[in-house]
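# Understanding the architecture of this molecule
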Amino acid sequence: MKAFLQPYEEKMKTSIAVYVDDLKTVRAGRANPAILDKITVDYYGQQTPLNQVAGISVPEARLIAIQPWDASVLEEIERAIIKADIGLNPANDGKIIRLTIPALTTERRKDLTKQVSGMGENTKVAIRNIRRDAMDQVKKDEKAGDISEDEKRTIEDEIQKLTDKYIEEIDKITKNKEEEIMEI
């Protein structure tokens with residue numbers, strides 16, 4: 001049974017890891033360099049991740065500093081940040097690009113919590129789809145005569161327990177992120 005459940009559990013774990021990774025890009029009022037993770041820069045004709053062409057640091061709670069290793073790419077970094085539409089305006093002083101994180105308004109905080117909640121729901125849907133695939137496989141195995149009806153019920157119960165466990169984990173992660181966003 002463990003061998004049967006393992007690939008489905010791995011898929012569920014991967015879904016949660018992707019969700020956690022996506023949550024890092026949601027701005028919570030504090031400077032977090034992870035919001036720049038998906039930004040790529042045109043560097044000598046190649047789309048290169050920002051963190052591979054510049055050093056990214058957080059010198060203050062509401063400031064991200066981006067210092068390119070090659071000064072010629074400064075304007076490209078600035079364009080990439082603007083194009084990424086992350087809600088931050090880059091300030092270029094010729095050597096460093098600074099991103100000042102504005103304080104979030106109550107309205108913006110509520111919008112962000114709705115966004116996080118939606119992302120959580122999408123992840124739950126992905127988990128449920130994995131459960132459905134597992135249940136379909138169990139039914140096929142029973143029809144083929146590979147497992148008995150009792151084994152089918154036992155496996156279905158285990159699949160449901162697994163699903164409930166990961167749905168609960170998604171709820172906890174979502175709640176923590178929403179609290180972080182609403183924190184002033």
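In the block above lies the structure referred to throughout.
Analysis parameters
- Residues numbered from 1 in each chain as written.
- Predicted model: local features only at pLDDT ≥ 70, side-chain atom pairs only at ≥ 80, totals over all residues.
- Heavy atoms only, no water.
- Axes fitted to C-alpha atoms, helices over the stretch in contact; angles between N-to-C directions.
- Helix = DSSP H or I, 4+ residues; strand = E, 2+ residues; numbered from the N terminus.
- Parallel < 35°, antiparallel > 145°, perpendicular 65-115°, else oblique.
- Nonpolar A, V, L, I, M, F, W, Y, C, P; charged D, E, K, R; others polar.
- Pairing = 2+ DSSP bridges.
- Buried < 20%, exposed > 50% of the residue type's maximum accessible area, 1.4 Å probe, protein only.
- Arc of directions from axis to C-beta.
- Contact = heavy atoms within 4.5 Å.
- Expected span 1.5 Å × (residues − 1).
- Polar contact = N/O pair within 3.5 Å; in protein donor to acceptor, adjacent residues only side chain to side chain.
- Phe/Tyr/Trp six-rings, centres within 6.5 Å; stacked < 30°, edge-to-face > 60°.

Attention now moves to the packing of helix H3 (residues 106-143) against helix H4 (residues 149-182). Running from N to C, H3 and H4 point in directions that differ by 170°, and their axes come no closer than 10 Å. Considering the angle they form, H3 stands roughly antiparallel to H4. Across the contact of H3 with H4, the residue classes break down as 13 nonpolar, seven polar and 13 charged.

Bridge count for strand E1 (residues 40-43) against strand E2 (residues 46-49) is four bridges, and the pairing is antiparallel. Looking at the pairing, Asp42 lines up with Gln47 of E2. With antiparallel pairing between neighbouring strands as the criterion, E1 and E2 make up a hairpin whose turn holds two residues, including Tyr44 at a positive phi of roughly 50°.

This next bit is on helix H2 (residues 74-84). Among all positions of H2, only Leu74, Ile77, Ala80 and Ile81 are buried. The arc that holds the buried residues of H2, viewed along the axis, is 125°, so those residues lie on one side. H2 presents Ile82 and Lys83 as exposed residues on the side facing more than 90 degrees away from its buried surface. Packing partners of the buried residues in H2 comprise E1, strand E3 (54-60), strand E4 (63-68), strand E5 (90-92) and strand E6 (97-100). Residue Asp85 follows H2 closely and has a positive phi angle near 55°.

Before going further, it helps to spend a moment on the packing of helix H1 (residues 2-23) against H4. At a closest axis distance of 11 Å, the pairing of H1 and H4 adopts a crossing angle of 10°. One element, H1, and the other, H4, form an angle in the roughly parallel class. Residue-level contacts link Phe4, Leu5, Glu9, Met12, Lys13, Ile16, Tyr19, Val20 and Leu23 of H1 to Ile155, Glu158, Ile159, Leu162, Thr163, Lys165, Tyr166, Glu169, Ile170, Ile173, Thr174 and Lys177 of H4. In terms of residue class, the contact of H1 with H4 is made up of 13 nonpolar, two polar and six charged.

Moving on, we get to the sheet that holds E4. Pairing in this open sheet of four strands is antiparallel, and the strands run E3-E4-E6-E5 from one edge to the other. What marks the edges here is a single partner per strand, and that holds for E3 and E5. Between one strand and the next, the sheet's axes are offset by a mean angle of 25°, whatever the strand orientation. Most of the contacts of H2 go to E5, to which it runs at about 165°, and overall it touches E3, E4, E5 and E6.

This part is about H3. The end-to-end C-alpha distance of H3, which contains 38 residues, comes to 55 Å, matching closely the 56 Å that a straight helix rising 1.5 Å per residue would cover. Positive phi shows up at Gly145, right after H3, with a value of about 85°.

As for its position among the elements, Thr113 is in helix H3. Judged by its relative accessible area of 15%, Thr113 falls in the buried class. Polar contacts involving the side chain of Thr113 include one to the main-chain carbonyl oxygen of Lys110, which spans 2.7 Å.

By the definition in use, this model includes two aromatic pairs. Taking 4.8 Å as the distance between ring centres and 65° as the angle between the ring planes, the aromatic pair formed by Tyr43 and Tyr44 counts as edge-to-face. For Tyr44, a relative accessible area of 66% puts it in the exposed group.

Bringing unusual backbone geometry into the picture now. For Tyr44, which is not glycine, the phi dihedral falls at a positive 50°. Turning to its location among the elements, Tyr44 is positioned in the loop between E1 and E2.

A word on the side chain of Lys177. With respect to the secondary-structure elements, Lys177 resides in helix H4. A distance of 3.3 Å separates a polar atom in the side chain of Lys177 from the backbone oxygen of Leu23.

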